[in-house]
Amino acid sequence: MTALDTASPKFVSAGAARSASGAGAAASGPDRLNSIAAGESVAPVVHEDLASEEVVLEIEKFNLWYGSKQALFNINMPIARGKVTALIGPSGCGKSTLLRSVNRLNDLLDIVRIQGDMRLLGDSIYGRGVDVIELRKRMGMVFQKSNPFPMSIYENVVYSLRIDGERDRRVLDEVCERSLHGAALWDEVKDRLHETALGLSGGQQQRLCIARAIAAEPEVLLMDEPCSALDPIATGKVEDLIHTLKGEYTLLIVTHNMQQAARVSDYTAFMYLGHVIEYGPTIDIFTNPRVPETADYVTGRFG
């Protein structure tokens, strides 16, 4: 059975969510999104369930500007170890910007300025003296469009070990097989490891990129719309893989597909115009949100 066949939480009606949220919604109530659009600061609603989780990544008072334009506003998010956390929200709400900030990909843009911090297992990501290359080894990254290197399947997987100077063939072979098993790709490619990776299908290429990411044994796996370019069958295989990887890895995933977020994630954060509006267990976000605007978004009333 694929992830697409797995029952996901039923989406609550906006009206039911409004009546259920009651006192749980912040004082700004139904004007919350208008307040944000007007430049006002609005506190997020964070569910208490997160307090019981072991945190691997802590995002604290994080703000980001592109030149004079602020894109992220006072983001505070604990990311639970071994769980899948999804970022949802309309286009331009800051999901990918936040994700790319975790492994400092935004550093590549001269116009970016940040305030606040992120900590990976207690170590500051933005502290002075942080080796960004070493940091990125602790963060696997899978992009929206699969990007296998123009080399063999084998060399794609062991690339991170090669650049670290690993030359022991037995080690490379072991990591290659383990990573391809972990990405549910071994049985499909074991007889053509030394053929070009560019000959794989789109779904296979994306799973190869996941194998390449986990070969370095990262502490966090970041995924930016990993299924947006895939057909439903390939999407189902990647979603099955996400279920398999959680527990061993901590996953932070950006998706526009709310049904996908409901299927694969343990926690979900709803973002709007650079703000976190509500953050809590996925089943609650989709079936019993505490903020009326969250209900409006997950039921398709806007976005």
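Above: the structure in question.
Along each chain, residues carry numbers from 1 onward, in the same order as the chain's sequence is written. Restriction of local features to residues with pLDDT of at least 70 applies here, the model being predicted, together with a cutoff of 80 or more for giving and counting side-chain atom pairs; totals for whole chains, interfaces and linings are based on all residues. Note that the side-chain values use all heavy atoms of the structure and ignore hydrogens as well as water.

Asks: Please set out the pattern of salt bridges residue by residue, giving values where relevant.
Replies: Here a salt bridge means any side-chain nitrogen of Lys or Arg lying within 4 Å of a carboxyl oxygen belonging to Asp or Glu. Per the counting criterion, the structure on display carries 19 salt bridges. The closest approach of N and O atoms between arginine 178 and glutamate 174, which form a salt bridge, is 3.6 Å. One end of the pair is arginine 178 and the other is glutamate 174, both in helix α7 (residues 169–182) and 4 residues apart, which spans about a single turn. What makes glutamate 174 exposed here is its relative accessible area of 52%. One network of salt bridges, in which partners are shared, links Asp123, Arg138 and Glu219. Only DSSP runs of H or I with at least four residues qualify as helices, and only runs of E with at least two residues qualify as strands; both kinds are numbered from the N terminus onward. Using a 1.4 Å probe on the protein chains alone, a residue whose accessible area is under 20% of its type maximum counts as buried, one over 50% counts as exposed, and one in between counts as partly exposed.

Asks: Quick rundown of the layout of surface pockets? Include the residues and the values.
Replies: Using a grid of 1 Å spacing that covers the protein atoms alone, one calls a set of points a cavity when a 1.4 Å probe fits there but cannot get out, and a pocket when the set is open and has protein on both sides within 12 Å along at least five of seven lines; lining residues are those with an atom within 4 Å of a point. Grid points are joined across faces, edges and corners, and a volume is the space filled by probe spheres set on the points. Approximately 690 Å³ is the volume attributed to the largest pocket. Arg136, Met139, Tyr159, Ser160 and Ile163 are, among the 21 residues lining the largest pocket, the residues nearest its centre. Counting only elements with at least two residues in the lining of the largest pocket, the list comes to α4 (132–137), β7 (139–142), α6 (159–163) and α9 (202–215). With 4 residues, the single largest contributor to the lining of the largest pocket is α6. When grouped by side-chain class, the residues that make up the lining of the largest pocket number 12 nonpolar, 4 polar and 5 charged. Volume-wise, the second largest pocket comes out at about 160 Å³. Gly39, Glu40, Ser41, Val42, Ala43, Pro44, Asn63, Phe73, Asn74, Ile75, His275 and Val276 are the residues that line the second largest pocket. Broken down by secondary-structure element, the contributors of at least two residues to the lining of the second largest pocket are β3 (69–80) and β11 (275–281). Sorting elements by how many residues they give to the lining of the second largest pocket places β3 first, with 3 residues. In this classification, the charged set is Asp, Glu, Lys and Arg, the nonpolar set is Ala, Val, Leu, Ile, Met, Phe, Trp, Tyr, Cys and Pro, and all remaining amino acids, among them Gly, are polar. A per-class count over the lining of the second largest pocket returns 6 nonpolar, 5 polar and 1 charged.

Asks: So what about the sheet that holds strand β9 (residues 250–254)? Which residues, and what values?
Replies: Between any two strands, pairing holds if DSSP finds at least two bridges. Strand order in the open sheet formed by 7 strands is β1-β11-β10-β4-β9-β8-β7, with mixed pairing between adjacent strands. Because the sheet does not close on itself, it has two edges, and the strands there are β1 (45–46) and β7. Bridge analysis of strand β8 (residues 220–224) against β9 gives 5 bridges, and the strand direction is parallel. Looking at β9, one finds that valine 220 is bridged to threonine 250.

Asks: Please provide a residue-by-residue account of the side chain of glutamate 53, values included.
Replies: Residue position: glutamate 53 is located in the loop between β1 and β2 (55–66). The term polar contact refers here to a pair of N or O atoms within 3.5 Å; inside protein, the definition further demands a hydrogen-donor-capable atom paired with an acceptor-capable atom, and it admits residues adjacent in sequence only when both atoms are side-chain atoms. In this structure the side chain of glutamate 53 is engaged in a polar contact, spanning 2.7 Å, whose partner is the side chain of lysine 83. Within the structure, glutamate 53 has its side chain in polar contact with the side chain of tyrosine 267 (distance 2.7 Å). When neighbours within four sequence positions are excluded, glutamate 53 is seen to be in contact with Ala80, Lys83 and Tyr267. The contact definition used throughout considers only heavy atoms, calling two residues in contact when any of these lie within 4.5 Å.

Asks: Let's hear about the packing of aromatic side chains: which residues, and what values?
Replies: Pairing of aromatic side chains here covers Phe, Tyr and the six-membered ring of Trp, requires ring centres within 6.5 Å, and sorts the geometry by plane angle: under 30 degrees stacked, over 60 edge-to-face, intermediate tilted. Applying the stated rule across the entire model yields 3 aromatic pairs. The interplanar angle of 45° and the centroid separation of 5.5 Å between the aromatic rings of phenylalanine 62 and tyrosine 126 together place this pair among those described as tilted. Of this pair, phenylalanine 62 sits in strand β2 while tyrosine 126 sits in the loop between β6 (123–124) and α4, and the two are 64 residues apart along the sequence. A residue is classified by how much of its surface remains accessible, and tyrosine 126, at 17% relative accessible area, is buried. Ring plane angle 15° and centroid distance 4.9 Å describe the contact between phenylalanine 270 and tyrosine 297, whose orientation is recorded as stacked. Placement of the pair is phenylalanine 270 in strand β10 (residues 267–272) and tyrosine 297 in helix α13 (residues 292–298), with a sequence separation of 27 residues. By the burial criterion, phenylalanine 270 is buried, and tyrosine 297 matches it.

Asks: If you had to explain the sheet that holds β3 to someone new, which residues and values would you point to?
Replies: The 4 strands lie next to each other as β3-β2-β5-β6, forming an open sheet whose pairing is antiparallel. Of all the strands in the sheet, the pair left with one neighbour each is β3 and β6. Summarising the sheet, β2 and strand β5 (residues 112–120) pair through 8 bridges and their orientation is antiparallel. Bridge pairing in β5 places tryptophan 65 opposite arginine 113. Note on geometry: axes are C-alpha line fits, over the in-contact stretch for helices, and angles between N-to-C directions span 0 to 180 degrees. Packing of helix α3 (residues 95–102) onto the sheet brings it into contact with β2, β3 and β5, and relative to β2 it is tilted by some 120°.

Asks: Now, about the packing of α9 against helix α10 (residues 232–245): what can you tell me, with residues and values included?
Replies: In contact at an axis separation of 9 Å, α9 and α10 are set at 20° when each is read in the N-to-C sense. In terms of axis orientation, α9 runs roughly parallel to α10. In the packing of α9 onto α10, the handedness of the crossing is right-handed. The residues of α10 that touch α9, namely those facing Gly203, Arg207, Ile210 and Ile214, are Ala234, Lys237, Val238, Leu241 and Leu245. Should an angle lie under 35 degrees it is considered roughly parallel, over 145 roughly antiparallel, and from 65 to 115 roughly perpendicular; all remaining angles are considered oblique. Crossings are assigned a handedness: left-handed for a near helix turned anticlockwise from the far helix by less than a right angle, right-handed for a clockwise turn.

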